[in-house]
Amino acid sequence: MVGKFVSLAATAAVGMMLSASAAGAADTIKVGSFLSATGPASFLGDPEKKTLEMYVARLNKDGGVLGKKIELVVYDDGGAPDKAATFAKRLVDNDGVDILLGGTTTGTTMAAIKVIEQAQVPFISLAGGVDIVEPVKKWVFKTPHTDRMAAEKVFADMKKRGLTKVALISEDAGFGKSGHEQSLKMAPAYGIEILADETYSPKDPDVTAQLTRIKNTAGVQAVFNFGFGQGPSIVTRNYRQIGLALPLYQSHGVASKEYVRLAGEAANGVRLPAAGLVIPDQLAATDPQKPVVTAFKKEYEAAFKVEVSTFPGHAYDALQIALAAINRAGSLDKAKIRDEIERTSGYVGTAGLVSMSPTDHMGLSPAAFHMVEIDKGEWKLID
Amino acid sequence: MLAGFLQYLFAGLTSGAIYALAGLGFAIIYNASHVINFAQGEFIMIGGMAAATLAAAGMPLPLAAVAAVVVTMLVGMALEKLAIEPARDAGVVAIIIVTIGASIFLRGVAQLLWDKGFHSLPAFSGERPLAVLGATLMPQSLWVLGVSVAMIALIWWFFNRTVYGKAMLATSYNSVAAVLVGINAKRVLLVSFALSAMLGAVGGIVVTPITFTNTDAGIMLGLKGFAAAVLGGLGSGLGAVVGGLLVGIAEAFAAGYLSSAYKDAIAFVIILFVLMFLPTGLFGKKGVDRA
């Protein structure tokens, strides 16, 4: 019995020493991250992880920030919200990180927010959902465009072309579901009338039944598909299969060459909102984003031999915003870093121009999106 | 009106044939050992991914398909040798749990070997849809249906006309008696895994031009295939195909005539009702229980 107490006490003492040494080691900046590097969202999380690792290594080679080396701690949550919350807690409690970047999906981000708000650690999310920053949470920021901005951009383009009677076909989970809600909410403001509203499951092999219903709905002038992964490619192929000739819009969720490759010829003529990163060569020479996205695309593609998508860009932006804030704060005081992130102004990132404020923890304007059309398998800038 | 009906039917046939092909693979291992192999979806994934990778590397499609089937059969046999055989005396439920573990393991290895993106294969006979009375059908859907029918014929021939198949059925009915008459029970299980892997791989290759494939594709195909197999009656090849088509067509008609929001629910309600009144499924054998 006594022996047990002694060993317990010894363990506790060792534990305290360890945490004391962790706290004392302020010669590094600890950046914590939980990402979905495996699992269903791995094609977002994996490039995000690689990007963080690459740029942290590069910054350290160049001498770090505030004269300190950056130490990156990454955990893989596999896309599971409960794991994301656990890892966020571990990063805050055990690893003692100075700032958190991560949360590949809206689900994993939302699950971790409560832990992070309680611990009062600045956090920049890499997920799209508008719920992350609305209502504004003191310690939570995000870099990607929201689904609401995508819906607004699409509806604005439809209105410009005189297409006001629209059919929606949305994925009934996660990204598509949230996008669907935002589409319904934003449509009236643009004078758009939703005549048909269909859904499909993320892994359905065929959606011609839903598209046939849309085809048989009188008066529809355009179709808007909100989804992610292979679903939109199947929608696009089935759309051409049943001979629908109306303009087809996709969301920013498919702004990658993978979509074009999978949908093949059927993708020609499809319009979607996309970040400047997708079309660096077509941006105007005066566009402040042009040098940033051109450089990032070149570095990313040279390092990983795959075509860049917007997702690693979100990680890049988050890291840049975080380190710039730490630089301005001049210390590792969490409250000061938080204030400096909120004061981010005129940062030119891969997603667009970022100017945050106490009421806007994302800082992107709708102008951050460009409307592109797929033409012979290539992106073509519309506006 | 008719065009709409036909289009819903074709949509259902396309999805249904995919579920049916996924479900067929459950029959052989179940017949040989009463084990439900939850790694069946992974066989489908490996077949599709291997064929897509080889075809993308420039191999002609038929050759890539054969190579993918052989690779998957080797994986199936290795799985039986390394994971199932050592647990052979542990009972059916324990082996089923082993197959669940194996499926997670295989998916993990696939994620390390391949990238995380989606892959596709060109359609076997072009992308031009066939027009039938105002509705359209992709030729690849006919491939999936045709291959399903060919596979049922193959399974029937195997179990009724070959010594191996009969030995397999004999082992399933009474393993002790089968060993006593000289059947090598270990060999039977090995062959059953090789054949199931072959069925899975063939299914994975034929559906990839329609659904695309990635390392996670086995989860959905395995689950829908399992639902099809249970609905049709585990162990029956014909049952798996009828079950798969029924689920697919129910989903499509629900999406077409009711609302796409209810389509999954309708399919599950049908499965629930069939199993309530026919617990062994539509074509299941009754009273085959290994005590």
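Treat the numbers as computed from the prediction; the structure is a model and nothing was measured.

Student: So what exactly am I meant to see when it comes to the interface of chain A and chain B here?
Tutor: The accessible area lost on association of the parts is a frequent measure of interface size. Across the contact, 25 residues belong to chain A and 27 residues belong to chain B. Mapped onto the side of chain A that touches chain B, the elements with two or more residues apiece are helix 2 (42–61), strand 7 (193–200), helix 7 (208–215), helix 8 (231–241) and helix 9 (257–263) of chain A. Ranked by the residues each element gives to the side of chain A that touches chain B, the list is headed by helix 7 of chain A, at five residues. Counted by class, the side of chain A that touches chain B contains seven nonpolar, twelve polar and six charged residues.

Student: Explain the sheet that holds strand 5 (residues 140–142) of chain A to me, please; I cannot follow it from the model alone.
Tutor: The pairing of strands in a sheet happens through backbone hydrogen bonds and is either parallel or antiparallel. Residue and element names in this part refer to chain A. Read from one edge of the open sheet, five strands run 2-1-3-4-5, paired in parallel fashion. In this open sheet, the two strands that pair with only one neighbour each are strand 2 (69–76) and strand 5. On average, adjacent strands in this sheet sit at an angle of 25° to one another, irrespective of strand direction. Of the strand pairs in this sheet, strand 3 (residues 99–102) and strand 4 (residues 123–125) are connected by three bridges, and their pairing is parallel. In the sheet register, Gly102 faces strand 4, and the bridge partner there is Ser125. In this fold helix 3 (residues 81–93) packs onto strand 1 (28–35), strand 2 and strand 3, with an angle of close to 170° to the strand it touches most, strand 1. Of the strands in this sheet, strand 1, strand 3 and strand 4 are in contact with helix 11 (residues 310–329), which crosses strand 3 at around 170°.

Student: Sorry if this is basic, but what is going on with the environment of Phe26 of chain B here?
Tutor: All names here are of chain B. You can see Phe26 is positioned in helix 1 (residues 2–33). Overall, Phe26 belongs to the buried group, with 30 C-beta atoms counted inside 10 Å. A sequence separation of 75 residues divides Phe26 from Gly101, and the C-alpha atoms of the two residues are 17 Å apart.

Student: Honestly, helix 2 of chain A in this entry has me stumped. Any pointers?
Tutor: Owing to its 3.6 residues per turn, the α-helix brings residues three or four apart onto one side. Residues and elements named next belong to chain A. Along its 20 residues, helix 2 runs 28 Å from first to last C-alpha, staying within 8% of the 28 Å computed at 1.5 Å per residue. Of all the positions in helix 2, only Ser42, Phe43, Leu44, Gly45, Asp46, Pro47, Glu48, Lys49, Thr51, Leu52, Tyr55 and Val56 are classed as buried. In this fold, the buried residues of helix 2 make contact with strand 1, strand 2, strand 3, helix 10 (289–304) and helix 11. Gly63 lies just past helix 2 and shows a positive phi near 105°.

Student: Honestly, unusual backbone geometry in this entry has me stumped. Any pointers?
Tutor: Peptide bonds are trans in most cases, and residues, glycine excluded, mostly fall at negative phi. At the junction of Glu134 of chain A and Pro135 of chain A, the peptide bond is cis and its omega measures out at 0° in the coordinates. Positionally, Pro135 of chain A belongs in the loop between strand 4 and strand 5. The backbone of His34 of chain B shows a phi angle near 65°, a positive value even though the residue is not glycine. Looking at the secondary structure, you find His34 of chain B in the loop between helix 1 and helix 2 (40–56). C-beta crowding within 10 Å serves as the criterion here: with 17 such atoms nearby, His34 of chain B is assigned to the partly exposed category. Of note, the phi angle at Phe212 of chain B is positive, near 65°, even though the residue is not glycine.

Student: Could you clarify how one ought to interpret the domain arrangement of chain A in this entry?
Tutor: All names here are of chain A. Once the domains are mapped, chain A shows domain 1 (26–145 + 294–367) and domain 2 (147–281 + 369–381). Centre-to-centre, using C-alpha coordinates, domain 1 lies 29 Å away from domain 2. Of all the elements in the fold, those that place two or more residues in the side of domain 1 that touches domain 2 are helix 4 (106–119), helix 10 and helix 11. For the side of domain 1 that touches domain 2, the class distribution of residues is five nonpolar, twelve polar and two charged.

Student: I keep staring at helix 7 of chain A and nothing clicks. Help me out?
Tutor: Buried residues dominate helix 7 of chain A, accounting for eight of its eight residues. For helix 7 of chain A, every residue scored as buried is listed here: Thr208, Ala209, Gln210, Leu211, Thr212, Arg213, Ile214 and Lys215 of chain A.

Student: What am I meant to see in the environment of Leu199 of chain B here?
Tutor: All names here are of chain B. Along the chain, Leu199 turns up in helix 8 (residues 185–211). Along the backbone, Leu199 and Met151 are 48 residues apart, and their C-alpha atoms lie at a distance of 7.6 Å. With residues near it in sequence (within four places) discarded, Leu199 still touches Leu24, Gly25, Ile28 and Met151.

Student: What is the right way to read the packing of helix 3 (residues 61–84) of chain B against helix 8 of chain B from this model?
Tutor: For any two helices packed against each other, the geometry is given by the interaxial angle and the distance between the axes. Residues and elements named next belong to chain B. Contact geometry of helix 3 with helix 8 gives a least axis separation of 8 Å together with a crossing angle of 145°. When you trace helix 3 past helix 8, the crossing you get is right-handed. Facing helix 3, whose interface residues are Ala65, Ala68, Val69, Thr72, Met73, Val75, Gly76, Met77, Leu79, Glu80 and Ile84, helix 8 presents Leu189, Leu190, Phe193, Ala194, Ser196, Ala197, Met198, Gly200, Ala201, Val202 and Ile205. The residue makeup of the contact of helix 3 with helix 8, split by class, is 17 nonpolar, four polar and one charged.

Reading the values: rules and limits
Residues numbered from 1 in each chain as written. Chains lettered and ligands numbered in written order. Predicted model: local features only at pLDDT ≥ 70, side-chain atom pairs only at ≥ 80, totals over all residues. Contact = placed C-beta atoms within 7 Å. Helix = DSSP H or I, 4+ residues; strand = E, 2+ residues; numbered from the N terminus. Nonpolar A, V, L, I, M, F, W, Y, C, P; charged D, E, K, R; others polar. Pairing = 2+ DSSP bridges. Axes fitted to C-alpha atoms, helices over the stretch in contact; angles between N-to-C directions. Buried ≥ 20, exposed ≤ 12 C-beta atoms within 10 Å, placed from the backbone. Expected span 1.5 Å × (residues − 1). Domains from an automatic or database assignment. Left-handed = near helix turned anticlockwise from the far one by under 90°.

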